[in-house]
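Summary of structural features
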Amino acid sequence: MILVTGATGTIGSHLVPSLLGQGADVRVLVRDAEKARTALGPGVDIVSGDLLDPSAVGAALKGVDGVFLNSSSLAGFIDLQRPVIDAAAAAGVGHLVRLSVAGAAPDSTTSYGRGHFALDQHLKDSTLSWTILQPTSFMQNLLSNAETIRGGAIYASAGDGQVAMIDARDIADVAAAVLTRGGHTGESLALTGGQALTYDEIAAAFAAELGQDVQYHDVPPEVTRDNLLGYGLPAGQVEDIIALFAIFRAGYASTVTPTVAEILGRPPRSLSTFVHDHRSLFTSSA
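Values in this document were obtained by computation on a predicted structure and should not be read as measured data.

Cut-off values and rules
Residues numbered from 1 in each chain as written. Predicted model: local features only at pLDDT ≥ 70, side-chain atom pairs only at ≥ 80, totals over all residues. Heavy atoms only, no water. Helix = DSSP H or I, 4+ residues; strand = E, 2+ residues; numbered from the N terminus. Rg over C-alpha atoms; globule rule 2.2 N^0.38 Å. Buried < 20%, exposed > 50% of the residue type's maximum accessible area, 1.4 Å probe, protein only. Contact = heavy atoms within 4.5 Å. Lys, Arg positive; Asp, Glu negative; His and termini not counted. Charge placed at Lys NZ, Arg CZ, Asp CG, Glu CD. Phe/Tyr/Trp six-rings, centres within 6.5 Å; stacked < 30°, edge-to-face > 60°. Core = buried A, V, L, I, M, F, W, Y, C linked by side-chain atoms within 4.5 Å. Salt bridge = Lys/Arg side-chain N within 4 Å of Asp/Glu carboxyl O. Polar contact = N/O pair within 3.5 Å; in protein donor to acceptor, adjacent residues only side chain to side chain.

**Overview of the overall build of the chain**
Within the chain, the secondary structure is distributed over 13 helices and nine strands. Taking 286 residues into account, the globule formula puts the C-alpha radius of gyration at 19 Å, and the chain, at 19 Å, falls close to it. Across its three principal axes, the chain shows a C-alpha extent of roughly 55 × 40 × 35 Å. Per-residue burial for the chain yields a buried fraction of 49% across its 286 residues. Within the chain, residue pairs in contact and separated by at least 24 positions form 75% of the contacts whose partners lie at least 6 positions apart. The distance from the centre of the 17 positive side-chain charges to the centre of the 29 negative ones in the chain is 5 Å.

In structure tokens, the structure reads:
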């Protein structure tokens, strides 16, 4: 039995069917059981509860061989995940796969980068068998730009820095492979897409796939900050986004790794494939 947390999120919603497709028994721990039943369909054992509820976590871990640990990286996520690691160790779970981030470090310029480093270290110091996934920026983050892309523009503060974005579906497939096939014990896996692109090149990929003009507009960080605060995002989250764009601008997210291809035996999904598969969300008729 494999327990998936964050099962209805960006990664988990793809991981669950991938695991089921490989014949695994899957359990999910979710706050909204009805939402999970609708989203995930039959064949999934559902436990209702929150990661902060020890009794729900204990019930979800009962008889589990593997765990995929993921949650949002917003404020408080360290306190959310650390007890789950401890509970999994106490329950004798065979292997835990945790979703971290690229660049997790004690001196990361993002709060979530520092938080993920702390959780990575806590997992490494536990008695668990573990694998840590450290993906770069998700292609799915571009879905938040759908409205402006329909209008022919992508706005960001990334300059001409290249970003090796990865499709979240590839992250899910890697997690499923590790959880079902074994291997990669005690490894931190750097996951990227197959190509590093500037935002001008990202805009060009959208234009080519959608058959409409899409241009990248580089926005000063202070303008992006004001806009995001105006949308109501918490100040801490806004500063993390600004810091992430600075990482992009400096070229620190441009490294392409072979890990996805080595584990899955196929190349990572391309940005063109991502746009094609989500075409209806990006077209002016959406």
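**Quick word on the packing of aromatic side chains**
Tallying each qualifying case throughout the model produces five aromatic pairs. Ring centres of tyrosine 199 and phenylalanine 248 lie 6.5 Å apart, and the angle between their planes is 35°; on these two criteria the pair is classed as tilted. Highlighted residues: tyrosine 199 in helix α8 (residues 199-210) and phenylalanine 248 in helix α10 (residues 235-249), separated in sequence by 49 residues. Judged by relative accessible area, which is 6%, tyrosine 199 ranks as buried.

**Overview of the nonpolar core**
Among the nonpolar cores identified, the biggest contains 36 residues, and Val4, Leu19, Val28, Phe68 and Leu133 are the most heavily contacted of them. The element best represented in this core is helix α7 (residues 168-181), accounting for nine residues. Phenylalanine 68 has contacts with Leu3, Val4, Thr5, Ile11, Leu15, Val97, Leu99, Leu133, Ala175 and Leu179, leaving out every residue within four places of it along the chain.

**Side note on the pattern of salt bridges**
Tallying each qualifying case throughout the model produces 12 salt bridges. Where arginine 37 meets glutamate 34, a salt bridge forms, and the shortest distance between an N and an O atom there is 2.8 Å. One end of the pair is arginine 37 and the other is glutamate 34, both in helix α2 (residues 33-40) and three residues apart, which spans about a single turn. Given the relative accessible area of 44%, arginine 37 is considered partly exposed. Take glutamate 34: its relative accessible area is 53%, and that puts it in the exposed class. Arginine 266 is paired through a salt bridge with aspartate 173; the nearest N and O atoms lie 2.9 Å apart. Placement of arginine 266 in the loop between α11 (259-264) and α12 (271-277) and of aspartate 173 in helix α7 is noted, with a sequence separation of 93 residues between them. For arginine 266, a relative accessible area of 26% puts it in the partly exposed group.

**A few points about the side chain of threonine 257**
Relative to the assigned elements, threonine 257 resides in the loop between α10 and α11. Judged by its relative accessible area of 17%, threonine 257 is buried. At a separation of 2.8 Å, a polar atom in the side chain of threonine 257 contacts the main-chain carbonyl oxygen of alanine 190. Among residues more than four places away in sequence, those in contact with threonine 257 are Ala190, Leu191 and Thr192.

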